[in-house]
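# A look at the structure
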Amino acid sequence: MVGGNESSVTDFILVGLFPEFQHSTVLNIVIIFIYTLAFLGNILLIVLIWGDSRLHTPMYILLSQLSIIDLTLTSTIVPKMASNFFTGKRTISWIGCGTQSFFYLMLGMSECLILTLMAYDRYVAVCNPLRYPIIMSPRFCMHMVFGCWIGGSISSFIHTVYPMHFPICGSREIHHFFCEVPVLIKLSCEDTSVYQLVVVVTSIVLLVAPFSLITVSYTLIFLTVFRMNSVKGKKKTLATCSSHLTVVSLFFGPNIFIYMTFTSSHSGEQDQALSVFSNILTPMLNPLIYSLRNKEVVAALRKLMGKCVVS
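None of the values given here were measured: they were computed from a predicted structure. (Residues numbered from 1 in each chain as written. Predicted model: local features only at pLDDT ≥ 70, side-chain atom pairs only at ≥ 80, totals over all residues. Heavy atoms only, no water.)

### So, the overall build of the protein
For the protein, the helix and strand inventory stands at ten helices and three strands. Helices and strands appear in the protein in the N-to-C order β-α-α-β-α-α-α-β-α-α-α-α-α. What you see for the protein is a C-alpha radius of gyration of 21 Å, in line with the 19 Å of a compact globule of 311 residues. Its C-alpha atoms put the protein at 70 × 50 × 35 Å along the principal axes. Counting all 311 residues of the protein, 47% fall into the buried class. With an accessible surface of roughly 15,400 Å², the protein has 70% of that area assigned to carbon and sulfur atoms. (Helix = DSSP H or I, 4+ residues; strand = E, 2+ residues; numbered from the N terminus. Rg over C-alpha atoms; globule rule 2.2 N^0.38 Å. Buried < 20%, exposed > 50% of the residue type's maximum accessible area, 1.4 Å probe, protein only. Areas by Shrake-Rupley, 256 points an atom, 1.4 Å probe, with all protein chains shown as cover.)

Structure below.
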């Protein structure tokens, strides 16, 4: 086992990101660079939202939660991956693997629910603008945010504890760069087809149902927008909605493929490629998507830069 006497018989071995790739050092440096951009971009977006009173609205509160999720998600995966690669120690303890899997699932599930709330927020703002302050009150918004985190935590706990107790009779090599339920299932020498079916059913509830609600919300939004007389109002609404729809597509596409198909139907390379896209690249793009086409965020950034210059 890699690591010699330093590793326990219960430790797992993370093979890493595309281990057969010839230029793995360059690849890992690029991933670290993307992680740094994602980290700084999301920190900046959180500071802008929390620091500017004009952005203390439900839409931006939810956007700040999305940034917190992206920030924590990348930090759950990339530092350990980079440490393993550059130190040559590829092991991860049983507890470490379970912890990483728990946070990954919790953040992913919470993000799914937050994105659904963001779609509902836009639906109320566009289709019921007069009732928006009443429906999307700060109290209601905070309750829904806490509900997203609690729901994600409970579901993640169940789907972390159960598969971690599957017996592993052979190799403890995880052909991935972090601990994730689908790759852990592949290590078990027990028939996991029933549990995999449970994962698919859970994915329908936590992925397809929210995605369907988002689709319905935006269908109603677009029907309302097309009936608007104001060209300026149309452009502003479509700009905000297009940003959210882009993020929704980047999140739901890869995750539906990974979690709504049996693990035997896709290769480790496919899982890794989709994970890099969904969990590392997308968190870097989200702050750019929401800031470049958002006048309020750009104005808050200019205000912050002005303060820095004066200081």
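### Thoughts on the UniProt feature "transmembrane region" (unreviewed entry) in the protein
UniProt marks residues 26-50, 62-82, 102-120, 140-162, 194-226, 238-262 and 274-292 with the feature "transmembrane region" (unreviewed entry), using the numbering shown here. Strand forms 0% of residues 26-50 and helix 100%; the C-alpha atoms that close the span are 36 Å apart. In residues 194-226, the share of helix is 100% and the share of strand is 0%. The end C-alpha atoms are 47 Å apart. (UniProt positions renumbered as here; feature names shortened; annotations may be inferred.)

### Observations regarding the state of the cysteines
Within this structure, the stated rule accounts for one disulfide. Two residues share a disulfide in this structure: Cys-97 and Cys-179, whose sulfurs sit 2.1 Å from each other. Judged by the torsion about the S-S bond (-120 degrees), the Cys-97/Cys-179 disulfide is left-handed. A residue pair is termed long-range when its members are at least 10 positions apart, and Cys-97 in helix α3 (residues 94-127) and Cys-179 in the loop between β3 (173-174) and α6 (181-187) qualify at 82 residues. Here Cys-97 and Cys-179 have matching classes, each one buried. Cysteine Cys-127 shares no disulfide, and the gap to the nearest cysteine sulfur, in Cys-241, comes to 9.0 Å. Here Cys-141 is not disulfide-linked; the sulfur of Cys-148 is the nearest cysteine sulfur, at 9.3 Å. (Disulfide = S-S within 2.5 Å.)

### Describing the layout of surface pockets
Estimated volume of the largest pocket: approximately 540 Å³. Lys-236, Thr-237, Ala-239, Thr-240 and Glu-296 are, among the 21 residues lining the largest pocket, the residues nearest its centre. Of all the secondary structure elements, the ones that give two or more residues to the lining of the largest pocket are α2 (58-87), α3, α8 (231-259) and α10 (295-310). With eight residues, the single largest contributor to the lining of the largest pocket is α8. When its residues are assigned to classes, the lining of the largest pocket shows eight nonpolar, five polar and eight charged. (1 Å grid on protein atoms, 1.4 Å probe; cavity = no way out; pocket = protein on both sides within 12 Å on 5 of 7 lines; lining within 4 Å. Points joined across faces, edges and corners; volume = space filled by probe spheres on them. Nonpolar A, V, L, I, M, F, W, Y, C, P; charged D, E, K, R; others polar.)

### Observations concerning the sheet that holds strand β1 (residues 12-14)
Strand pairing in a sheet takes place through backbone hydrogen bonds and is either antiparallel or parallel in direction. The strand order β2-β1-β3 describes an open sheet built from three strands, whose pairing is mixed. Two strands close off the open sheet at either side, each with one partner strand: β2 (91-92) and β3. Judged from the two bridges that link them, β1 and β3 form a sheet pairing that is parallel. Pairing of Leu-14 across the sheet is with Ile-174, part of β3. (Pairing = 2+ DSSP bridges.)

### As for the nonpolar core
Core analysis: the biggest nonpolar cluster contains 63 residues, and Leu-63, Leu-66, Leu-115, Met-118, Phe-177 and Phe-252 have the highest contact counts within it. Sorting elements by how many residues they give to this core places α3 first, with twelve residues. Once residues within four sequence positions are removed from consideration, Met-118 is found in contact with Leu-62, Leu-63, Leu-66, His-244 and Tyr-290. Judged by nonpolar contacts, the second largest core, of ten residues, contains Phe-12, Ile-92, Ile-174 and Val-183. (Core = buried A, V, L, I, M, F, W, Y, C linked by side-chain atoms within 4.5 Å. Contact = heavy atoms within 4.5 Å.)

### Remarks on the packing of aromatic side chains
Per the counting criterion, the structure on display carries twelve aromatic pairs. Between Tyr-35 and Phe-39, the ring centres sit 6.0 Å apart and the planes meet at 55 degrees, which makes this aromatic pair tilted. Note that Tyr-35 and Phe-39 are positioned in helix α1 (residues 24-51) at a spacing of four residues, about one turn of the helix. Using a relative accessible area of 31% as the deciding quantity, one classes Phe-39 as partly exposed. Ring plane angle 55 degrees and centroid distance 4.9 Å describe the contact between Tyr-104 and Phe-178, whose orientation is recorded as tilted. Residue Tyr-104 is found in helix α3, and its partner Phe-178 is found in the loop between β3 and α6; the two are separated by 74 residues along the sequence. Under the relative-accessibility criterion, Tyr-104 is labelled buried at 6%. Among the residues examined, Phe-178 registers a relative accessible area of 0% and is labelled buried. Clustering of aromatic rings is evident, with ring pairs tying together Tyr-104, Phe-177 and Phe-178. Its end group placed over the ring of Phe-12, Arg-172 keeps NZ or CZ at 4.5 Å from the ring centre. (Phe/Tyr/Trp six-rings, centres within 6.5 Å; stacked < 30°, edge-to-face > 60°. Lys NZ or Arg CZ within 6 Å of the ring centre and 35° of its normal.)

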